[in-house]
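Spelled out from the first residue to the last, the chains are:
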Amino acid sequence: MTDRGGDRGADDTGNEYRAVFPAGSPTFGSASSLRSRSGSSTAECRHCRRPVPVDPGYSPWCDRCGWNVQPVRERQKRSLHDRLNRALGPRSAKSLYDEVVRGRRLRPTLTLSSILAFVLASAVHGLTLSFVILAAVVLVGGGLSVLSVVAAAVCLGIAWLLRPRLPRLSEDDRVLSREQLPATFGLLDDIAASLKTRRIDGVVLDARFNAAFTQIGWRRRRIVFIGLPLLAVLEPQERVALLGHEVAHGANGDPRRTFLAGAAIDSLVTWYELLYPDELAPPEEGVVGLAALPANLMLLALAKLAYGTAYLVALLSWRESQRAEYLADHLAATVAGTPATIALFEKLHLTSTYERAVQGLAVNPDKDFVAEFQQRVAVVPDRERERMRRLARLEGARLDATHPPTPDRVGALRQHPPSIQLVTLSHSRSQQIDAELQSFRAAAQQRLADEATDTLYA
Ligand SMILES: [Zn+2]
Ligand SMILES: [Zn+2]
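Residues numbered from 1 in each chain as written. Chains lettered and ligands numbered in written order. Predicted model: local features only at pLDDT ≥ 70, side-chain atom pairs only at ≥ 80, totals over all residues. Heavy atoms only, no water.

Along the protein chain, the regular secondary structure elements total 16 helices and 8 strands. Long-range pairs, those at least 24 residues apart, make up 70% of the contacts in the protein chain with a sequence separation of at least 6. By element, 60% of the accessible surface of the protein chain is carried by carbon and sulfur atoms, the whole surface being about 21,400 Å². (Helix = DSSP H or I, 4+ residues; strand = E, 2+ residues; numbered from the N terminus. Contact = heavy atoms within 4.5 Å. Areas by Shrake-Rupley, 256 points an atom, 1.4 Å probe, with all protein chains shown as cover.)

We now examine the confidence of the model for the protein chain. The predicted coordinates should not be examined in detail at positions where pLDDT is low. Looking at the protein chain as a whole, the pLDDT averages 81, with 84% of positions reaching at least 70. Counting contacts from residues 5-39, a segment whose pLDDT is below 50, to residues more than four positions away or on other chains yields 150 contacts. (pLDDT = per-residue confidence, 0-100.)

On to the pairing of strand β7 (residues 211-216). The buried fraction of β7 is high, at 6 of 6 residues. Burial along β7 is two-sided: the face carrying Ala211, Phe213 and Gln215 and the face carrying Ala212, Thr214 and Ile216 are both buried. Sheet topology places β7 next to strand β8 (residues 221-227); 6 bridges connect them, and they run antiparallel. Bridge pairing in β8 places Ala211 opposite Ile226. (Buried < 20%, exposed > 50% of the residue type's maximum accessible area, 1.4 Å probe, protein only. Pairing = 2+ DSSP bridges.)

This brings us to the coordination of the zinc ion (ligand 1). His245 (NE2), His249 (NE2), Glu325 (OE) and His403 (NE2) make up the full set of protein donors to the zinc ion (ligand 1), lying at 2.0 to 2.2 Å. One chain supplies every donor to the zinc ion (ligand 1), and in sequence these donors are spaced H-x3-H-x75-E-x77-H. Of the two residues, His245 sits in helix α6 (residues 236-248) while Glu325 sits in helix α9 (residues 293-336), which places them 80 residues apart along the sequence. (Donors = N, O, S within 2.8 Å, 3.2 Å for Na, K, Ca; no water.)

The tally for this structure, following the rule as stated, stands at 7 aromatic pairs. Centre to centre, the rings of Phe209 and Phe373 are 5.5 Å apart; their planes meet at 75 degrees, and the pair counts as edge-to-face. Of the two residues, Phe209 is situated in the loop between β6 (202-206) and β7 and Phe373 in helix α12 (residues 369-378); the sequence distance between them amounts to 164 residues. Phe373 carries the same exposure label as Phe209, and that label is buried. Each ring, one from Tyr354 and one from Phe373, has its centre 5.7 Å from the other, and the planes form 85 degrees; the classification is edge-to-face. In this pair, Tyr354 is assigned in helix α11 (residues 351-363) and Phe373 in helix α12, connecting sequence segments 19 residues apart. The two residues Tyr354 and Phe373 agree in class, both being buried. Members of the aromatic cluster, each reached through a chain of ring pairs, are Phe209, Tyr354, Phe369 and Phe373. (Phe/Tyr/Trp six-rings, centres within 6.5 Å; stacked < 30°, edge-to-face > 60°.)

Here the focus is the pattern of salt bridges. The tally for this structure, following the rule as stated, stands at 16 salt bridges. Notably, a salt bridge pairs Arg383 with Asp63, separated by 3.0 Å at the nearest N-O pair. Remark: Asp63 occurs in the loop between β4 (51-54) and α1 (80-103) and Arg383 occurs in helix α13 (residues 382-393); sequence separation between them is 320 residues. On the basis of relative accessibility, which here comes to 36%, the residue Asp63 falls in the partly exposed class. (Salt bridge = Lys/Arg side-chain N within 4 Å of Asp/Glu carboxyl O.)

So, about the nonpolar core. Grouped together as the largest cluster of nonpolar side chains are 69 residues, with contacts concentrated most on Leu181, Leu187, Ile191, Leu205 and Val240. Among the elements that take part in this core, α9 stands out by supplying 7 residues, more than any other. Once you skip the residues sitting within four places of it in the chain, Leu205 turns out to touch Leu176, Leu181, Ile226, Leu228, Leu437 and Phe440. Counting residues in each nonpolar core, the second largest holds 10 residues, with Val124, Ala264, Tyr272 and Ala306 among its members. (Core = buried A, V, L, I, M, F, W, Y, C linked by side-chain atoms within 4.5 Å.)

We now examine a nonpolar patch on the surface. On the surface, a cluster of nonpolar side chains totalling about 440 Å² of accessible area is made up of Leu129, Val132, Ile133, Val137 and Leu156. Considering the arrangement of structural elements, one finds Ile133 in helix α2 (residues 112-142). (Patch = residues over 30% accessible without salt bridge, like charges linked within 9 Å, V, L, I, M, F, W, Y side chains within 5 Å.)

This brings us to the environment of Leu268. By the element assignment, Leu268 lies in helix α7 (residues 259-275). Each C-alpha atom of the pair Leu268 and Ala310 lies 5.7 Å from the other, and the pair is 42 residues apart in sequence.

With 13 residues, α11 ought to run about 18 Å at 1.5 Å a step, and its terminal C-alpha atoms sit 19 Å apart, in line with that. Turning to α11, its buried residues number three or more, namely Thr351, Ser352, Thr353, Tyr354, Glu355, Arg356, Ala357, Val358 and Leu361. (Expected span 1.5 Å × (residues − 1).)

For the pair helix α4 (residues 182-194) and helix α15 (residues 427-438), interaxial distance at closest approach is 7 Å and the crossing angle is 130 degrees. Taken together, the axis directions place α4 and α15 in an arrangement best described as oblique. Facing Pro182, Ala183, Thr184, Gly186, Leu187 and Asp190 of α4, the residues of α15 in contact are Arg429, Gln432, Ile433, Glu436 and Leu437. Split into classes, the residues belonging to the contact of α4 with α15 amount to 5 nonpolar, 3 polar and 3 charged. (Axes fitted to C-alpha atoms, helices over the stretch in contact; angles between N-to-C directions. Parallel < 35°, antiparallel > 145°, perpendicular 65-115°, else oblique. Nonpolar A, V, L, I, M, F, W, Y, C, P; charged D, E, K, R; others polar.)

Our next topic: the side chain of Glu238. Its place among the elements puts Glu238 in helix α6. The residues contacting Glu238, other than those within four sequence positions of it, are Val233, Ala340, Ala343, Leu344 and Lys347.

Here the phi dihedral of Asn68 falls at roughly 65 degrees; this positive angle occurs in a residue that is not glycine. Summarising the element assignment, Asn68 is placed in the loop between β4 and α1. Here Asn68 falls in the buried class, since its relative accessible area comes to 10%. Here Arg220, not a glycine, exhibits a phi torsion of approximately 55 degrees, which is positive. Structurally, Arg220 can be placed in the loop between β7 and β8.

Here we take up helix α14 (residues 406-415). Counting buried residues in α14 gives 8 out of 10 residues, a clear majority hidden from the surface. Among the residues of α14, those classed as buried are Thr406, Pro407, Asp408, Arg409, Val410, Gly411, Ala412 and Leu413.

Together, Glu171, Asp172, Asp450 and Asp454 give the surface a local cluster of negative charge. Among the secondary structure elements, Glu171 is positioned in the loop between α3 (146-162) and β5 (175-176). With relative accessibility at 83%, the residue Glu171 sits in the exposed group. (Lys, Arg positive; Asp, Glu negative; His and termini not counted. Charge placed at Lys NZ, Arg CZ, Asp CG, Glu CD.)

On to the pairing of β8, then. With 6 of its 7 residues buried, β8 lies for the most part within the structure. Pairing analysis gives 5 bridges linking β6 to β8, with the strands arranged parallel. Counterpart to Gly202 in the pairing with β8 is Ile223. Linking β7 to β8, which pair antiparallel, is a turn of 4 residues; within it Gly217 sits at a positive phi near 65 degrees.

Following this line, the structure appears as structure tokens:
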């Protein structure tokens, strides 16, 4: 349920290219474990001191006071987009939720803020364009002298650096076509037809516990990323809900996914990364390093300006963008039914089980990872499932920075459940999807293993 593209930073199915991947693992150190005579373990609640049961391999939590329902997660290095989204999130999440539930306006519209965001985004692209115009003016005015050609080339070079950045796929993303995945596309096409939106152009399969949508290149081709482990543990209607939400991203009017604002934010983030000096005055370079100080200070100021502008564009479009997420959920429930959509939200909190499976992959790289993960999910203790249900309702719990908090998403659906269910996926069609995806598991697993190794030794 991450968004690639509109707001990329690093992974969500995240950001953005790589959308925001919930990171970290539960903490085990915070409860002292005692073994009772019966052999089952208990721990003491850190908050109310009552004994709580412990399932081996799962973090303990307290039913009474809610302690450790959301274990502290390790902080991963966050992308700029992720930091931006997290800073923006809580600001008006509550008031937007109230408005969505009471006012029932889900479709984003032009507000003063979003108009300002578009104006600012246009100014960003306008700056790029002005360097192209400047190059032309210099050439026309100065003739073809060496000086004017050099000056024009410099202007064009700057314009190239500033060019709008459109979401692109990474080298490892293999786009699969309708012919390669007839059953999967059959479902995607049914969903797109029900939502009266354009069909999906390509599917990228990976081994993440996530799914995402992005529009790539100048032709804005619609790509859905499907994490095979996630799909493998979903019931048929939950699959419809997952893909329904992603397909709805092409139809929900999210301002941050528009070419204008999305490309402006992506460009500004790239400028920030290009301009940000590693060190203001590298000490090992002595006097030369010191002489670089003024230039580096200027680069730092420009980098901060780019960051600030990206922040402002995102801030101005935040509210309508979050509203669009509620609309995507509503559309998902329209195709899949409300119970399946809520069940999906709960399952998306199986991240700690997924992370444990990924750790197991390092030890046993030859095992079928998706099958291994399915087995792990099948034996998740009831108590852990209950913890997930509570987590999904815990205030502030969110799957990633680009989406509203899960309890708000569940609450909005409960308040106004669509009374229809436009797409029904039969068990046999669902099995056809499994069968055609089977042969892509190994490649997805290999990529996940490579990425895990890369992070380990990065
Ligand atoms: Zn979404
Ligand atoms: Zn307690």
